[in-house]
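Summary of structural features
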Amino acid sequence: IQQRLLAIYRADAALLLEGMAAASQAYGAIGTTSNPAATGKLDRLALARERGRYFEIQNQLAQKHYPEALEALEQLEWDQPGERLSGACNLLKAQALAGAGQPRKAAVTLERALLATLDDRERPQMRLQLAQLLASMDQSARALGQVRELLKESPYAREAVTAAELQRLLETKLTAPASKP
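Anyway, here's the lowdown on the structure attached to this text. (Residues numbered from 1 in each chain as written. Predicted model: local features only at pLDDT ≥ 70, side-chain atom pairs only at ≥ 80, totals over all residues. Heavy atoms only, no water.)

1. A few points about the overall build of the chain
Of regular secondary structure, the chain possesses nine helices and zero strands. Start at the N end of the chain and walk to the C end: the helices and strands fall as α-α-α-α-α-α-α-α-α. Reported as C-alpha extents along the three principal axes, the dimensions of the chain are approximately 65 × 40 × 35 Å. Relative to its 181 residues, the chain shows a buried fraction of 42%. A fraction of 53% describes how many contacts in the chain between residues 6 or more apart in sequence connect residues 24 or more apart. Of the charged side chains in the chain, 23 are positive and 21 negative, and the gap between their average positions amounts to 2 Å. (Helix = DSSP H or I, 4+ residues; strand = E, 2+ residues; numbered from the N terminus. Buried < 20%, exposed > 50% of the residue type's maximum accessible area, 1.4 Å probe, protein only. Contact = heavy atoms within 4.5 Å. Lys, Arg positive; Asp, Glu negative; His and termini not counted. Charge placed at Lys NZ, Arg CZ, Asp CG, Glu CD.)

Structure, rendered in C-alpha cells:
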C-alpha cells in the first residue's frame, strides 16, 4: 500500500515538474486495481461498473453528501491513478472538497487539473469554478486572472457569460478605494 501511494505521489510530482506526458507515463506504470480493458478485450460489464462510479459520485454531490463523494473519489483514484489526470474526476473532486468546507484543497485540485487537462470542454468549467473559489476566499486578483484566462481561451464557451459578470464584479472590487474603519 505504501509503495503504491508513493508511486501516486511521484506521478503527481511528475505532472508539476515534468508535464502531462511524464505524469501519464508514471500513472500508467502504477497500474490499476480494476481496469475494464485489462484483458485486451472490451469487458462491457466492467466498463459499465466504472461509469456507474461516476454516476454514483454525481448523485452524492447532488444530495450534498460530500464526505461520501470524497471517499468514492479517493477510492476511484486509488483503483485507477490515471483518473487523477481526468478533467471530469477533478471537477467532481473540487465540488466535493468545496462542499465539504475545504476550498483551498478544491482550488489546488483545479490548479493541478488545469496542468493536465487539454479538453476544451472542461477547461472553461475548471477555470470558472477556480475563479469562483478564489473569489470566495477573498483572492480577487487571482480570481480575476483565471476569469481573464477563461475569456481568452474560450470566449464562446457557455461559462464565458458567467465569467464576464464575475470579471466586472472583481474589477469593481479591486479598483474600489479601500474603506477605513
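2. Some words on the pattern of salt bridges
Between side chains of opposite charge, a pair can form when the charged atoms approach closely. One pass over the structure, following the stated rule, counts eleven salt bridges. Residue Arg-84 is joined to Glu-77 by a salt bridge in which the shortest nitrogen-to-oxygen separation is 3.2 Å. Exposure remark for Glu-77: the relative accessible area of 3% places this residue in the buried category. Residue Glu-153 is joined to Arg-127 by a salt bridge in which the shortest nitrogen-to-oxygen separation is 3.1 Å. In this pair, Glu-153 is assigned in helix 8 (residues 140–153) and Arg-127 in helix 7 (residues 123–136), connecting sequence segments 26 residues apart. Linked through salt bridges whose partners overlap, the residues forming this network are Asp-12, Glu-77, Arg-84 and Lys-93. (Salt bridge = Lys/Arg side-chain N within 4 Å of Asp/Glu carboxyl O.)

3. As for the side chain of Glu-83
Structurally, Glu-83 can be placed in the loop between helix 4 (66–79) and helix 5 (87–99). The charged side chain of Glu-83 is buried without a salt bridge, its nearest counter-charge being Arg-53 at 8.7 Å. Setting aside its immediate chain neighbours within four residues, Glu-83 contacts Tyr-54, Leu-76, Cys-89 and Asn-90.

4. Section: helix 2 (residues 20–30)
All of the buried residues along helix 2 are Ala-22, Ala-23, Tyr-27 and Ile-30. In a view along the axis of helix 2, the buried residues occupy a sector of 130 degrees, so they form one face of it. Exposed side of helix 2, more than 90 degrees from the buried face: Ala-21, Gln-25, Gly-28 and Ala-29 are the residues found there. Buried residues along helix 2 sit against helix 1 (2–18) and helix 6 (103–116). One or two positions beyond helix 2, positive phi appears at Gly-31, with a value near 85 degrees. (Arc of directions from axis to C-beta.)

5. Structural notes on helix 6
With 14 residues, helix 6 extends 20 Å between its outermost C-alpha atoms, agreeing within 8% with the 20 Å of an ideal straight helix rising 1.5 Å per residue. Along helix 6, the residues classified as buried are Ala-106, Ala-107, Thr-109, Leu-110, Arg-112, Ala-113, Leu-114 and Ala-116. Close packing links the buried residues of helix 6 with helix 1, helix 2, helix 5, helix 7 and helix 8. (Expected span 1.5 Å × (residues − 1).)

6. Re the packing of aromatic side chains
Scanning all chains against the criterion turns up zero aromatic pairs. Over the ring of Trp-78 we find Arg-4; its NZ or CZ atom is 5.3 Å from the centre of that ring. (Phe/Tyr/Trp six-rings, centres within 6.5 Å; stacked < 30°, edge-to-face > 60°. Lys NZ or Arg CZ within 6 Å of the ring centre and 35° of its normal.)

7. Digging into the nonpolar core
One recurring pattern in soluble globular proteins: nonpolar side chains tend to sit buried together. By size, the foremost hydrophobic cluster in this structure holds 35 residues, and its most contacted members are Ile-57, Leu-61 and Leu-110. Those elements giving two or more residues to this core turn out to be helix 3 (44–62), helix 4, helix 5, helix 6, helix 7, helix 8 and helix 9 (159–175). Once residues lying within four places of it in the same chain are set aside, the contact partners of Leu-61 are Tyr-66, Ala-69, Leu-92, Gln-95 and Ala-96. Counting eight residues, the second largest nonpolar core, distinct from the first, contains Ile-8, Tyr-27, Ile-30 and Ala-116. (Core = buried A, V, L, I, M, F, W, Y, C linked by side-chain atoms within 4.5 Å.)

8. Digging into the side chain of Ser-154
Of note, Ser-154 is situated in the loop between helix 8 and helix 9. For Ser-154, a relative accessible area of 12% puts it in the buried group. Not counting chain neighbours up to four residues away, the residues in contact with Ser-154 comprise Pro-124 and Ala-160.

9. A closer look at the environment of Glu-77
Considering the arrangement of structural elements, one finds Glu-77 in helix 4. The spacing of Glu-77 and Thr-32 is 45 residues in sequence and 9.3 Å in space, taken between C-alpha atoms. When residues no more than four places from it in sequence are discounted, the contact partners of Glu-77 are Ile-8, Arg-84, Cys-89 and Lys-93.

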